[in-house]
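Structural features, examined
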Amino acid sequence: MAAPIALHLEFGGGAELLFDGVKDHHVTLPSQSEPWDMKQLLVWIQRNMLKERPELFVQGDTVRPGILVLINDADWELMVSGVSWSTSFRTKIMWSSSLLCMGVNRRPHKKTECGH
Amino acid sequence: MPVFCSSCENKRAVLKRPKTAHSLCKECFFWAFEEEVHHTIITARLFNRGETVGIGASGGKDSTVLAHVMKVLNERFDYGLKLLLLSVDEGITGYRDDSLETVKRNQQQYDLPLKIVSYEELYGWTMDAIVKQVGLKNNCTFCGVFRRQALDRGAMMLKVDKICTGHNADDIAETVLMNVLRGDIARLRRCTAISTASEGEGVIPRCKPLKYAYEKEIVLYAYFKKLDYFSTECIYSPNAYRGHARAFLKDLEAVRPSSIMDVIHSGENLSVREGVRMPVQGTCSRCGYISSQALCKACVLLEGLNRGLPRLGIGKHHRLHGKILAQQPLTEREERKLRAVDF
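Here the structure is a predicted model, which means the values were calculated and not measured.

**A word on the overall build of chain A**
Across its full length, chain A holds one helix and seven strands. Mapped in sequence order, the helices and strands of chain A form the string β-β-α-β-β-β-β-β. A burial count over chain A gives 50% of its 116 residues as buried. Intrachain contacts of chain A at a sequence separation of at least 6 include 59% that bridge at least 24 residues. As displayed, chain A has an accessible area near 5800 Å², and 53% of this comes from carbon and sulfur atoms.

Listed below in structure tokens is the structure:
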């Protein structure tokens, strides 16, 4: 049984607009039988945090290409996929979107040409 | 298990480089990134000693990284350049006013002179006013055309020899794709060039020192260096076509990181069959700016705004240039076609 995990999630570069414009989130992942991994974390974020247009954040079971993920200030592409971690409370995960036309702007009621 | 730097082998790696697949620590990454930009500058002979170079600065990640790296390299390798920041105020409340604050801080941080030129002073129209008149569909056309000229005009006021902009490898690959998809052979041919020669009176040569720098590395460089940049999207940015090209490229990059370089390489090595008609570059008979028509795009767009016919510069209306130049009124039928604003 893995203990609950406290995480600091930070969204930036436009990605925060999918989370009510809030950049910093302190969350606690519930305890579960298997250790948490990124794949599960993404599902959890999608279910519990994502406010709008999940297709701009996740694609399949990973993040949408163009969104950079840093775990404790290191590029997650360095980690072998599916790696699980026993996190301490200091774990900080940062997501930064470098996609320009995400179809997200400050006036979500207005449809852009992208149709998002 | 931390991954170690594949270069120095004793520090923790912080990123995997998309271009080389090397895992590097912060220090080795900074060094590699800066050296590569230096290599680009030297190989393409972008600058000459003693030149004054205007850095197009928007406050965004690309131009902030460009300003920082140019300053570092100018000192490290003694380029002998006089650097300054050049910004355009498009007049977009809640976006450009905020990002210009970032540029003003960069001016202090990098100790470089700053010049801001505004659409309002140059054209008599802010983007906010333009959007009010033309709506959200073609506003990016106005903004893009006006910005290009505005940067040139600002550069002339400062007597700058060259302008450099923060276009990165991803931007250029997108542009190659877009030009292929639109069949724009003239632009396809030009868009991969790292620098433009002086195309005529009033046009200052431009170059792109970050042409081979991946966006991922630019974002991470800015992040790890803790550079002060502005990362909000333009509130009027429905540039859908580029958005699709970008999303497509990012998908390709996820499968094969070299895709971005490969698209640029393809663009660079395309040769256009002889006999393909190319527009002949001349000058605008109203403002003197380069143009392949009697009037340059900015003058036509401006005329449309001032006559209350915003669609004048959208699409091709070359036949009307004579009338505009002679300040003749348009027929009712011509006006009707240009007035309609569709949302």
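**Considerations on the packing of aromatic side chains**
Applying the stated criterion across every chain yields a total of 15 aromatic pairs over all chains. Relative to Phe 19 of chain A, the ring of Phe 11 of chain A lies with its centre 3.9 Å away and its plane at 15°, an arrangement referred to as stacked. Both residues of the pair, Phe 11 of chain A and Phe 19 of chain A, count as buried. Ring geometry for Phe 29 of chain B and Tyr 221 of chain B: centres 6.3 Å apart, planes at 70°, overall edge-to-face. On the criterion of sequence distance, the pair formed by Phe 29 of chain B in helix α1 (residues 26-43) and Tyr 221 of chain B in helix α9 (residues 215-224) is long-range, its members being 192 residues apart. With relative accessibility at 0%, the residue Phe 29 of chain B sits in the buried group. Given the relative accessible area of 0%, Tyr 221 of chain B is considered buried. One aromatic cluster in this structure is built from Phe 29, Phe 30, Phe 33 and Tyr 221 of chain B. The positively charged end of Lys 225 of chain B is found above the aromatic ring belonging to Phe 30 of chain B, 4.3 Å away from the centroid.

**Some details on the nonpolar core**
Counting residues in hydrophobic clusters, the biggest one holds 47 residues, and the most contacted among them are Phe 29, Phe 33, Phe 47 and Met 70 of chain B. Put simply, the parts of the chain that give this core at least two residues each are β5 (67-71) of chain A together with α1, β3 (52-56), α2 (61-76), β4 (82-89), α3 (96-110) and α9 of chain B. Those residues within four positions of Phe 47 of chain B in sequence are excluded, and the remaining contacts are Ile 41, Val 53, Met 70, Leu 81, Lys 162, Cys 164, Cys 207 and Pro 209 of chain B. In this structure, Leu 151, Ile 290, Leu 305 and Ile 324 of chain B belong to the second largest nonpolar core, which totals 46 residues.

**A word on the sheet that holds strand β5 (residues 114-118) of chain B**
As a general point, the strands of a sheet are linked pairwise by backbone hydrogen bonds and lie either parallel or antiparallel. Residues and elements named next belong to chain B. One open sheet holds the five strands; their spatial order is β5-β4-β3-β6-β7, and the pairing between them is parallel. For this open sheet the edge positions go to β5 and β7 (206-207), each flanked by a neighbour on one side alone. Helix-sheet contacts for α3 involve β4 and β5, and the interaxial angle to β4 is about 165°. Sitting on the sheet, helix α6 (residues 139-157) is in contact with β4, β5, β6 (162-164) and β7, with an inclination near 140° to β4.

**Some points on the packing of helix α5 (residues 127-134) of chain B against α6 of chain B**
When two helices pack together, their arrangement is given by the angle between the helix axes and by the axis-to-axis distance. Residues and elements named next belong to chain B. It is at 9 Å that the axes of α5 and α6 come closest, and there the two elements cross at 145°. As for how α5 packs across α6, the hand of that crossing is right-handed. Only Asn 139, Phe 142, Cys 143 and Phe 146 of α6 make contact with α5, whose side of the interface consists of Met 127, Ile 130, Val 131 and Val 134. Of the residues contributing to the contact of α5 with α6, the split by class is seven nonpolar, one polar and no charged.

**Some details on the pairing of strand β2 (residues 24-29) of chain A**
Residues and elements named next belong to chain A. Residues His 25, Val 27 and Leu 29 line the buried face of β2, whereas the alternating positions Asp 24, His 26 and Thr 28 sit on a face that is not buried. Where strand β1 (residues 5-12) lies against β2, six bridges are found, and the strand directions are antiparallel. Paired with Glu 10 across the two strands is Asp 24, which belongs to β2.

**Observations concerning the environment of Asp 161 of chain B**
All names here are of chain B. Among the structural elements, Asp 161 can be located in the loop between α6 and β6. Sequence spacing of Asp 161 and Gly 54 is 107 residues, and the spatial spacing of their C-alpha atoms is 7.8 Å. Once residues within four sequence positions are removed from consideration, Asp 161 is found in contact with Gly 50, Glu 51, Thr 52, Ile 204 and Pro 205. Within polar-contact distance, the side chain of Asp 161 engages the backbone nitrogen of Thr 52 at 2.7 Å.

**Digging into the pattern of salt bridges**
All names here are of chain B. Summed over all chains, the structure comprises 31 salt bridges over all chains. With its nearest N and O atoms 3.5 Å apart, the salt bridge here joins Lys 71 to Glu 75. Here the residue Lys 71 and the residue Glu 75 both occupy positions in helix α2, the gap between them amounting to four residues, near one helical turn. Ionic pairing is found between Arg 246 and Asp 171, a salt bridge with its closest N-O pair at 3.3 Å. With Arg 246 in helix α10 (residues 240-255) and Asp 171 in helix α7 (residues 169-182), this residue pair connects regions lying 75 residues apart in the sequence. Of the two residues, Arg 246 and Asp 171, both sit in the buried class.

**Brief notes about the UniProt feature "binding site: ATP" (unreviewed entry) in chain B**
Residues and elements named next belong to chain B. The UniProt entry lists Gly 56, Ala 57, Ser 58, Asp 62, Val 88, Gly 166 and Asp 171 under the feature "binding site: ATP" (unreviewed entry), expressed in the numbering used here. By the element assignment, Ala 57 lies in the loop between β3 and α2. Once residues within four sequence positions are removed from consideration, Ala 57 is found in contact with Ser 63, Leu 85, Leu 86, Ser 87 and Val 103. In this fold, Gly 166 is placed in the loop between β6 and α7. Assessed through its relative accessible area of 12%, Gly 166 is described here as buried. Excluding its chain neighbours within four sequence positions, the residues that come into contact with Gly 166 are Asp 62, Leu 66, Asp 171 and Leu 210.

**Section: the environment of His 8 of chain A**
On the secondary structure map, His 8 of chain A appears in strand β1. For the pair His 8 of chain A and Asn 72 of chain A, spaced 64 residues apart in sequence, the C-alpha separation works out to 9.7 Å.

**Concerning the environment of Gly 267 of chain B**
Here Gly 267 of chain B is to be found in helix α11 (residues 259-269). Here the alpha-carbon distance between Gly 267 of chain B and Thr 175 of chain B, two residues 92 residues apart in the chain, equals 9.5 Å.

**A short note on helix α1 (residues 38-48) of chain A**
Residues and elements named next belong to chain A. Turning to α1, its buried residues number three or more, namely Met 38, Leu 41, Leu 42, Trp 44 and Ile 45. Relative to the axis of α1, the buried residues are bounded by an arc of 165° and lie together on one face. N-capping of α1 is provided by Asp 37, with a side-chain oxygen placed 3.2 Å from the backbone N of Lys 39.

Calculation criteria
- Residues numbered from 1 in each chain as written.
- Chains lettered and ligands numbered in written order.
- Predicted model: local features only at pLDDT ≥ 70, side-chain atom pairs only at ≥ 80, totals over all residues.
- Heavy atoms only, no water.
- Helix = DSSP H or I, 4+ residues; strand = E, 2+ residues; numbered from the N terminus.
- Buried < 20%, exposed > 50% of the residue type's maximum accessible area, 1.4 Å probe, protein only.
- Contact = heavy atoms within 4.5 Å.
- Areas by Shrake-Rupley, 256 points an atom, 1.4 Å probe, with all protein chains shown as cover.
- Phe/Tyr/Trp six-rings, centres within 6.5 Å; stacked < 30°, edge-to-face > 60°.
- Lys NZ or Arg CZ within 6 Å of the ring centre and 35° of its normal.
- Core = buried A, V, L, I, M, F, W, Y, C linked by side-chain atoms within 4.5 Å.
- Pairing = 2+ DSSP bridges.
- Axes fitted to C-alpha atoms, helices over the stretch in contact; angles between N-to-C directions.
- Left-handed = near helix turned anticlockwise from the far one by under 90°.
- Nonpolar A, V, L, I, M, F, W, Y, C, P; charged D, E, K, R; others polar.
- Polar contact = N/O pair within 3.5 Å; in protein donor to acceptor, adjacent residues only side chain to side chain.
- Salt bridge = Lys/Arg side-chain N within 4 Å of Asp/Glu carboxyl O.
- UniProt positions renumbered as here; feature names shortened; annotations may be inferred.
- Arc of directions from axis to C-beta.

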